[in-house]
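So you can see what is in the structure, the chains are spelled out below.
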Amino acid sequence: MDISSFPILSLIIFLPLAGAFVIAIIPRRNVAAIRGTALLFALATWVASLWLVLGFLPARDVVASAAGSFQFVEAVDWIPLFGIQYKLGADGLSVALVVLTTTLSWISILASFSPIRERVKEYMISFLVLEVGMLGVFLALDLFLFYIFWEVVLVPMYLIIGIWGGANRIYATIKFVLYTLVGSLLMLVAILATAYTFQAATGSWAGAFDLEKLAGAGFDGTFQLFAFAAFALAFAIKVPMFPFHTWLPDAHVEAPTAGSVILAGVLLKLGAYGFIRFAIPLFPHGAHVFAPLLIALSVIAIIYGAIVALVQPDLKKLIAYSSVSHMGFVTLGIFIFQAQGLQGAILQMVNHGLITGALFLLVGVIYERTHDRTLAKMGGLGAVTPVYSAAFGFFVFASVGLPGLAGFVGEFLVFQGAFAFNPWVGVAITFVMIFAAAYLLWMVQRMCFGPVSEFLAGLGHHLTDMRPVEILTLAPLGALTVILGLYPGLVLDLIAGPVKAVLAAVDPAVAMSIGR
Amino acid sequence: MTLSDLTVIAPFAAVVVLAALVILADIVKPGNRHLALGVALAGLVVVGLLTLWTGQTPGTAFGGMYKVDSLTTFLDVIFVAIVALSCLFAPDYLEPRGLPIAEFAAILVFALGGAMLVAASADLLVLFLGLELMVIPGYMLAGYHKRDALSTEGAVKYFLLGSFSSAIFLFGLAYVWGLTGSTRIADVAARVGEIVAGQAILSPGLAMGLAFLTAGVAFKMAAVPFHYWTPDAYQGSPTPVTGYLSVGPKVGAFAVVLRVFAEALLPLRQEWLIVIFVLAALTMTLGNLVALTQDNVKRMLAYSSIAHTGYMMVGLAAYAAGIMQGLEGLLFYGAAYAFMNLGAFAVIAALQKRPGVTSRLETFAGLGRREPALGILMVLFLLSLTGIPPTAGFFAKAYVILAAVQAGGWLTVLAVIAVLNAAAAAFYYLRVIVYMYMRDPVGEPAPVAHGALLRLGLAVTAVMTVILGLFPGLLLPSVSAAAQAIGVALR
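Per chain, residues are indexed from 1 in the order of the written sequence. A letter from A marks each chain and a number from 1 marks each ligand, given out in the order of writing. For a predicted model such as this one, the threshold for reporting local features is a pLDDT of at least 70, and the threshold for listing and counting side-chain atom pairs is 80 or more; totals across whole chains, interfaces and linings nevertheless cover every residue.

(A) Structural view of the overall build of chain A. Under the scheme used here, helices are H or I runs from DSSP no shorter than 4 residues and strands are E runs no shorter than 2 residues, and both carry numbers assigned from the N terminus. Scanning chain A for helices and strands turns up 22 helices and 2 strands. Relative to the globule expectation of 24 Å for 516 residues, the C-alpha radius of gyration of chain A, 22 Å, shows essentially globular dimensions. Taking the principal axes of its C-alpha atoms as reference, chain A extends roughly 75 × 60 × 45 Å. Buried residues in chain A amount to 61% of all 516 residues. Once C-beta atoms are placed from the backbone, any two residues with those atoms within 7 Å are in contact. The contacts of chain A with a sequence gap of at least 6 include a subset with a gap of at least 24, amounting to 80%. For the radius of gyration, the atoms used are the C-alpha atoms, and the globule rule reads 2.2 Å times the number of residues raised to 0.38. With C-beta atoms placed from the backbone, a residue is labelled by how many other C-beta atoms lie within 10 Å of its own: buried for 20 or more, exposed for 12 or fewer, partly exposed between the two.

Structure (structure tokens):
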């Protein structure tokens, strides 16, 4: 079948929704069927996304517009009165993140089989709807449609943390929703204002929400400042950038394992993706004006996240703060407006998704056995559960940025960009690498080495090593970590087009001239 | 009266006949709820069809006092839907409490007549007549649970403040009549236009008239600071009545606003824009802030309905600033709000089927487990009230915000106030979801069987909430036609 004439993007987005509907009609007692169906649809979506990659590659650099080079564009009028379209399209950036999403989704669903025993039906439906929202965000090319998917993500995550989370879950989940809503609703005002400004300039609503038409439309300088600020707030909360990060540790600690995996692996990327896809191409002048502030916040996040991670007693909280630090590299790479930096940022998005996703899975494995995540109670796991300890060590090294593994390449490119941008920034964040090595390696030491702790010894034979299913969930992530570490060109090749498009959009000569 | 008059007023006449028929049915077979409800629902279907039929041919009747235009038809269809849905939701709640259903249905149909008269009025006196015919049945319904102290208290407050505000409104009309020499809406608009033309400041008489009219209408829509009757009246009334009161008279009050402010007093729009702006900001903010602290869901929804009045007034303010989309947004919001709010109240009514069950938050604990279907529907309605896509409530909010953003300037500030309010509102709507899905039930209440009518009504409200969210384009032609009927190109 010829892929170019087939609505592959709609298929990818709505396959999980179809799965949710199928699960809705399965009796809730039939837990095995519910789990199987969820996994089946998640796998089908994954396969479809791989098919997308194969179809995408041959023409990856052919089509180009100010917003990027999109393929498989589907456009149907949805609310014609306001020019709102159901418009999807994929460029290399979307494709990379779509594959990341579909991969982590099926892994998360598989990893939920054992820990989630209550209300499985609602859980699986929530998870599949969550996947619909995430994929929609990465593929929407209409601002209104994008906003809808953006909000669709919120509700299932709210339920996943709130229903299947830990003791303090209600506080955490409401905090998560309120933080996100404040940002996204202001973004809604900015989206509507942008569309209206476009309508007022062209005299027609046609294309007023169309990203490809709006990017490069050259909005008035002052308007760009306000609109960019509104978009940036929404995305900064989602990433999360310092000082909007406080919802993240709470959400991570309370979320069930798979919720944490998706939260760290995909949800945080929605914010970074929003910057690259929407905020910067739409309002390049605004982006330039705010870039120094955002760079400063990124550097603070990198340093602050690392230092705070050093003193966390809870495993999940430690990894959550390390996410704040790692995502700081992403936003830094984006806002230095420089090829290596941007490539590194995008690569780091993918790598962080894989590695931190795997780390949260590993925390889930140990939590299922011990019902505890306190670092102080761990110790000597290497002797009791060697396979687990090896896997844990592997992903921690990847996270530290060991050359040869995925984490290294992204950070290295961001370093390069940062040094080119301003040596002092480069020095500052390189210095942080020492902290990163410190908190992560110290964590491994306390977890895996030394004598077996009393707490763990007390568990006796309950403390088993990893089961085959658990190895199966981690193996693909481990493989990808190695492959992307050795051959990052796989992703860099995909994102070459989008990187060029974004850098062209923020070319200072073009972007700053608008404001003058 | 001519034959063409008769065809124009056919829907209104049918409503009056229907109300009489419902009472008659109750006299013929006292206490036979099936007959009374059957007559009422069948009659409402006929009325709805008649409305659509007369809506095809706009016209006036009785020498221009009664007018059918696209706005009339749009509002009438909403009113008929509200009353029909209220009738569907009522039996499950009223029957176990021994409250008579035929009376409930008959009073509602009378109120429908009033609302339709408001929507069709081309004369301020007819409008006032309709307004009274609409709200007096409301007082009766609020106090309809005679032995319940809260119900009586709510009704007395509602009645006293309602009558008071009607008098104030009438007083304002008298000023307008005195200055313009006419009660005909078109003539009033023309005369007011002549009076203000070339004048820098408003004459004292008109200012007084505008002030009294605004105060009177603000009472009816429950805008802050004229909202004090709302929480007591809403909490005290039997739940299906509350559901009706929270949407019927509110949309009716907005019909009054449209006919009086957007049509008759349009030349004064610069003046009332400021008033509406301040009222809208206050209404949203106070409604939401107080709703945050409620632990009774009915009372919480009462305050939330105050907040929704504020969102709708954002659309009105945008219209006053010259943006047609403001009017359209207001109308769309009215329709969306009617379905989602009625749906939410229907779920509460269903939960309270067994007498003695309160509407406190604890009632909702573990609902998602006890009654999954009701739980999911309540989630849908609450998300729509919050304004989360893809639901009707989201598009409604986006619409009025789009209008405000188009107006620009201070109206953009109003739009920002509106979205910050929407974010705050998420907290108390989500709290109900927290109770339904994240808390365990207190005790183990025996499951109740829900009536077929209630199920039908819930299905209709849920489907409409989803459809208006996913495909708002379906309603937009009617909305813009209705807005065109009274709106003129302002800029």
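(B) Seen up close, the overall build of chain B. When you go through chain B residue by residue, the secondary structure sums to 20 helices and 2 strands. Its C-alpha radius of gyration of 21 Å places chain B within 12% of the 23 Å reference for a compact globule of 491 residues. Projecting the C-alpha coordinates of chain B onto the three principal axes gives extents of approximately 70 × 55 × 40 Å. Buried residues in chain B amount to 63% of all 491 residues.

(C) Local environment of the interface of chain A and chain B. Chain A puts 25 residues into the contact, and the matching count from chain B is 24 residues. Of all the elements in the fold, those that place two or more residues in the side of chain A that touches chain B are β1 (71-79), α5 (143-152), α6 (154-164) and α7 (169-202) of chain A. The residue classification treats Ala, Val, Leu, Ile, Met, Phe, Trp, Tyr, Cys and Pro as nonpolar and Asp, Glu, Lys and Arg as charged. All others, Gly included, are polar. Grouping the amino acids of the side of chain A that touches chain B by side-chain chemistry returns 23 nonpolar, 1 polar and 1 charged.

(D) Up close: helix α19 (residues 452-470) of chain B. All names here are of chain B. Expected helix span is computed as 1.5 Å times (number of residues minus one). Along its 19 residues, α19 runs 27 Å from first to last C-alpha, staying within 8% of the 27 Å computed at 1.5 Å per residue. Taken residue by residue, α19 has L454, G457, L458, T461, A462, M464, T465, L468 and G469 as its buried positions. Along the long axis of α19, the arc covered by the buried residues comes to 160°, so they all point the same way. Exposed and facing more than 90 degrees away from the buried side of α19 are A452 and V463. An arc is given here, and it is the one of the directions from the helix axis to the C-beta atoms.

(E) Quick peek at the packing of helix α10 (residues 229-236) of chain B against helix α13 (residues 297-320) of chain B. Residues and elements named next belong to chain B. Fitted lines through C-alpha atoms give the axes, limited to the stretch in contact for helices. The angle between two N-to-C directions lies from 0 to 180 degrees. Here α10 crosses α13 at 140°, and the two axes come no closer than 8 Å. Compared by their axis directions, α10 and α13 come out oblique. Of the two elements, α10 crosses α13, and the hand of that crossing is right-handed. Contact residues: α10 offers T230, P231, Y234 and Q235, while α13 offers K298, R299, A302, Y303 and I306. Here the angle decides the label: under 35 degrees means roughly parallel, over 145 means roughly antiparallel, 65 to 115 means roughly perpendicular, and every other value means oblique. Left-handed is the label given to a crossing in which the near helix is rotated counterclockwise from the far helix by less than a right angle, and right-handed is the label when the rotation is clockwise.

(F) Summary view of the packing of helix α1 (residues 8-25) of chain A against helix α2 (residues 31-56) of chain A. Residues and elements named next belong to chain A. Taken N-terminus to C-terminus, the directions of α1 and α2 make an angle of 175°; their axes are 9 Å apart at the nearest point. The angle between α1 and α2 places the two elements in the roughly antiparallel class. Packed against α1, whose contacting residues are I8, L11, I12, L15, P16, A18, G19, V22 and I23, the element α2 presents I34, T37, A38, F41, A42, A44, T45, A48, S49, W51, L52 and G55 at the interface. Its residues placed into classes, the contact of α1 with α2 shows 16 nonpolar, 5 polar and no charged.

(G) The arrangement of the nonpolar core in detail. Counting residues in hydrophobic clusters, the biggest one holds 423 residues, and the most contacted among them are A105, V109, A317, V400, I401 and A404 of chain B. The element that contributes the greatest number of residues to this core is helix α14 (residues 324-351) of chain B, accounting for 20 residues. Once residues within four sequence positions are removed from consideration, I401 of chain B is found in contact with L188, V189 and L192 of chain A together with A415, A418 and V419 of chain B. The term nonpolar core refers to a set of buried Ala, Val, Leu, Ile, Met, Phe, Trp, Tyr and Cys residues connected through C-beta atoms within 7 Å.

(H) Inspection of helix α4 (residues 70-94) of chain B at higher detail. A rise of 1.5 Å per residue sets the reference length of α4 of chain B, with its 25 residues, at 36 Å; its end C-alpha atoms lie 36 Å apart and thus fit the reference within 8%. Throughout, the bend at a residue refers to the angle made by two axes, fitted to the seven residues ending there and to the seven starting there. Its maximal kink placed at L88 of chain B, α4 of chain B deviates by approximately 25°, while the proline P91 of chain B follows within four residues.

(I) Broad picture of the confidence of the model for chain B. The predicted model of chain B averages 87 in pLDDT, with 98% of residues at 70 or higher. Predicted as a complex, the structure gets a pTM of 0.92 and an ipTM equal to 0.89. One confidence number per residue, pLDDT, is output by the predictor and ranges from 0 to 100.

(J) Inspection of the environment of R431 of chain B at higher detail. By secondary structure assignment, the location of R431 of chain B is in helix α18 (residues 410-438). In the structure, R431 of chain B is positioned 378 residues away from W53 of chain B in sequence and 44 Å away in space, judged by C-alpha atoms.

(K) Representation of the confidence of the model for chain A within the structure. On average, residues of chain A score 87 in pLDDT, and 96% of them reach the 70 mark or higher. Of all helices and strands in chain A, the one with the weakest mean pLDDT is helix α22 (residues 508-515) of chain A (57), whereas α5 of chain A scores best (93).

(L) How the structure looks around the pairing of strand β2 (residues 84-90) of chain A. Residue and element names in this part refer to chain A. For β2, the tally of buried residues reaches 6 of 7 residues, placing the bulk of the element in the interior. DSSP calls a pair of strands paired once it identifies at least 2 bridges connecting them. Bridge analysis of β1 against β2 gives 6 bridges, and the strand direction is antiparallel. The residue bridging Q71 from the neighbouring strand is A90, located in β2. Counted between consecutive antiparallel strands, the loop separating β1 from β2 contains 4 residues, among which G83 sits at a positive phi close to 65°.

(M) Here's a closer look at unusual backbone geometry. A cis geometry characterises the amide bond from V239 of chain A onward to P240 of chain A, with omega recorded as -15°. Inspection of the secondary structure puts P240 of chain A in the loop between α9 (221-238) and α10 (247-254). Here the bond from V224 of chain B into P225 of chain B is cis, since omega is 5°, no more than 30 degrees from zero. Looking at the secondary structure, you find P225 of chain B in the loop between α9 (204-221) and α10. Its identity is not glycine, yet F337 of chain A carries a phi of approximately 50°, on the positive side. Among the secondary structure elements, F337 of chain A is positioned in the loop between α13 (315-335) and α14 (339-370). By C-beta crowding, F337 of chain A is classed as buried, having 23 other C-beta atoms within 10 Å.

(N) Structural view of the environment of M140 of chain B. Of note, M140 of chain B is situated in helix α6 (residues 124-142). A C-alpha to C-alpha distance of 27 Å links M140 of chain B and A452 of chain B, two positions 312 residues apart in sequence.

(O) Quick look at the environment of R299 of chain B. Residues and elements named next belong to chain B. Relative to the assigned elements, R299 resides in helix α13. The exposure class assigned to R299 is buried, which follows from the 22 C-beta atoms found within 10 Å. For the pair R299 and A233, spaced 66 residues apart in the sequence, the C-alpha separation amounts to 9.3 Å. Ignoring anything within four residues of it in the chain, the contact list for R299 reads P231, Y234, Q235 and Q294.

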